[in-house]
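# Results of the structural survey
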Amino acid sequence: MLRPIEMSHHMLAEIIKADDVVIDATMGNGWDTSFLAALTSNVYAFDIQQEALYSTKKLLQMKGLQAKLILDGHENIDKYVSEPVKAAIFNLGYLPRADKSIITRPNTTLKALEILKEKLLPQGRIMLVIYYGHEGGEEEKAAVIDWVSTLPQSDWQVMRYEPLNQIHKPPFLVCIEKI
Ligand SMILES: C[S@@+](CC[C@H](N)C(=O)[O-])C[C@H]1O[C@@H](n2cnc3c(N)ncnc32)[C@H](O)[C@@H]1O
């Protein structure tokens with residue numbers, strides 16, 4: 001069975017065509033950026049940590065791929081991306097093996113989602129892989145679930161994909177599609 005992150009990639013691979021504009025809102029070590037860069041030449045990836053840009057650049061070079069790596073918060077997407085967007089992915093939480101106090105936060109995550117809501121093309125998708133076991137994670141999870149739950153069903157499909165029998169707090173996936 002697919003894990004939530006694998007399911008998010010599956011849902012994105014279904015719709016992304018070469019040259020589509022897509023966004024990795026939380027670059028981290030670049031696993032999602034490189035996945036997207038193998039599908040299209042128009043990837044914008046955001047992170048607020050220089051370390052993330054170093055790791056991602058290295059990974060892309062190793063794989064012979066390219067992406068636009070931006071050292072800024074995803075709440076500023078509209079400063080960098082003027083085109084309509086086909087897809088975006090968020091991995092909420094902190095960068096593994098780095099400073100665990102640098103986490104995604106509800107206000108900036110929701111600001112980015114508000115921007116993407118307008119920029120997304122019809123049939124475009126946003127994947128949110130929600131890690132919430134860390135301090136502050138529950139608040140962000142609640143804020144995101146509240147936000148997606150208010151999207152009108154006439155215009156949006158919203159799905160949740162989640163392990164139900166695991167101890168601890170495993171990540172789960174929220175998929176949003178503009179109709
Ligand atoms: C769970 S990690 C992402 C993992 C990544 N997708 C990968 O493939 O390795 C979350 C990342 O979000 C970044 N982040 C936190 N706040 C951010 C913001 N406002 N804008 C963009 N990135 C942010 C963190 O620095 C961290 O690298």
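Within any chain, residue numbers begin from 1 and follow the written order of that chain's sequence. Local features in this predicted model are restricted to residues of pLDDT 70 or higher, and side-chain atom pairs are both shown and tallied only at a pLDDT of 80 or more, whereas totals for entire chains, interfaces and linings draw on every residue. Think of the side-chain values as coming from all heavy atoms in the structure, minus any hydrogens and water.

On to the site of the ligand, then. Here a residue is considered near a molecule or strand provided that any single heavy atom belonging to it is located within 4 Å of it. Thr-26, Asn-29, Asp-47, Gln-49 and His-74 are the nearest of the 22 residues found near the ligand. Pairing of N or O atoms within 3.5 Å defines a polar contact, subject to two protein rules: one partner must be a possible hydrogen donor and the other a possible acceptor, and residues neighboring in sequence count only if both atoms are side-chain atoms. Glu-75 places a side-chain nitrogen or oxygen 3.0 Å from a nitrogen atom of the ligand. Here the ligand occupies the largest pocket. Under the DSSP-based scheme used, a helix requires at least four consecutive residues in state H or I and a strand at least two consecutive residues in state E, with every element numbered from the N terminus. At the level of elements, helix 2 (31–37) and strand 2 (42–47) are the ones that each hand at least two residues to the shell around the ligand. For the shell around the ligand, the residue count by class is 9 nonpolar, 10 polar and 3 charged. A cavity, in this analysis, means grid points on a 1 Å lattice covering only the protein atoms where a 1.4 Å probe fits yet has no way out; a pocket is instead an open set bounded by protein on both sides within 12 Å along at least five of seven lines, and a residue lines either one if it has an atom within 4 Å of a point. More than half of a molecule's atoms within 2 Å of the grid points is what it takes for that molecule to sit in a cavity or pocket. In this count, Pro and Cys sit with the nonpolar residues alongside Ala, Val, Leu, Ile, Met, Phe, Trp and Tyr, while Asp, Glu, Lys and Arg are called charged and the others, Gly among them, polar.

Stacked, tilted and edge-to-face are the three classes applied to pairs of Phe, Tyr and Trp rings, where Trp contributes its six-membered ring and a pair requires centres within 6.5 Å; stacked means planes under 30 degrees apart, edge-to-face means over 60, and tilted covers the rest. In this structure the tally under the stated criterion is 2 aromatic pairs. Geometrically, the ring pair formed by Phe-46 and Tyr-80 is edge-to-face, given 5.7 Å between the ring centres and 70° between the ring planes. Taken together, the residues span a long stretch of sequence, with Phe-46 in strand 2 and Tyr-80 in helix 4 (residues 77–80) at a distance of 34 residues. Classification of residues uses two cut-offs on accessible area relative to the type maximum, computed with a 1.4 Å probe and protein chains only: under 20% is buried, over 50% is exposed, and between them is partly exposed. For Phe-46, a relative accessible area of 0% puts it in the buried group. A relative accessible area of 34% places Tyr-80 in the partly exposed class. Seen in terms of ring centroids, Tyr-132 and Phe-172 are 5.8 Å apart; in terms of plane orientation they differ by 70°. Their pairing is edge-to-face. Of the two residues, Tyr-132 sits in the loop between strand 5 (120–130) and helix 6 (137–149) while Phe-172 sits in strand 7 (residues 172–178), which places them 40 residues apart along the sequence.

Our next topic: the pairing of strand 2. With 6 of 6 residues buried, strand 2 is to be regarded as a mostly interior element. Residues Asn-42, Tyr-44 and Phe-46 point to one face of strand 2 and Val-43, Ala-45 and Asp-47 to the other, with burial holding for every one of them. Of the pairings in the sheet, the one linking strand 1 (residues 21–24) to strand 2 comprises 4 bridges and is parallel in character. Bridge pairing links Val-22 to Val-43 in strand 2. If the strands point away from the viewer and the path from the first strand over the helix to the second runs clockwise, then the crossover is right-handed. In terms of handedness, the path from strand 1 via helix 2 over to strand 2 forms a crossover that is right-handed. In this view, the connection linking strand 2 to its parallel neighbour strand 3 (residues 68–71) by way of helix 3 (residues 50–63) has right-handed handedness. Strand pairing is assigned whenever DSSP identifies at least 2 bridges connecting the two strands.

Grid points are joined across faces, edges and corners, and a volume is the space filled by probe spheres set on the points. Considered as a void within the structure, the largest pocket measures approximately 750 Å³ in volume. Residue lining of the largest pocket: 33 residues in total, with Thr-26, Asn-91, Gly-93, Tyr-94 and Leu-95 positioned closest to the centre. Going through the elements one at a time, helix 2, strand 2 and strand 4 (85–92) are the ones with two or more residues in the lining of the largest pocket. Looking at the lining of the largest pocket residue by residue, the class counts come to 14 nonpolar, 13 polar and 6 charged. Estimates place the volume of the second largest pocket at around 170 Å³. Lining the second largest pocket we find Met-1, Leu-2, Arg-3, Pro-4, Ile-5, Tyr-131, Tyr-161, Glu-162, Pro-163, Gln-166, Pro-170 and Pro-171. Within the lining of the second largest pocket, the residues separate by chemical class into 9 nonpolar, 1 polar and 2 charged.

Note that all results are geometric; they support no functional claim without further evidence.
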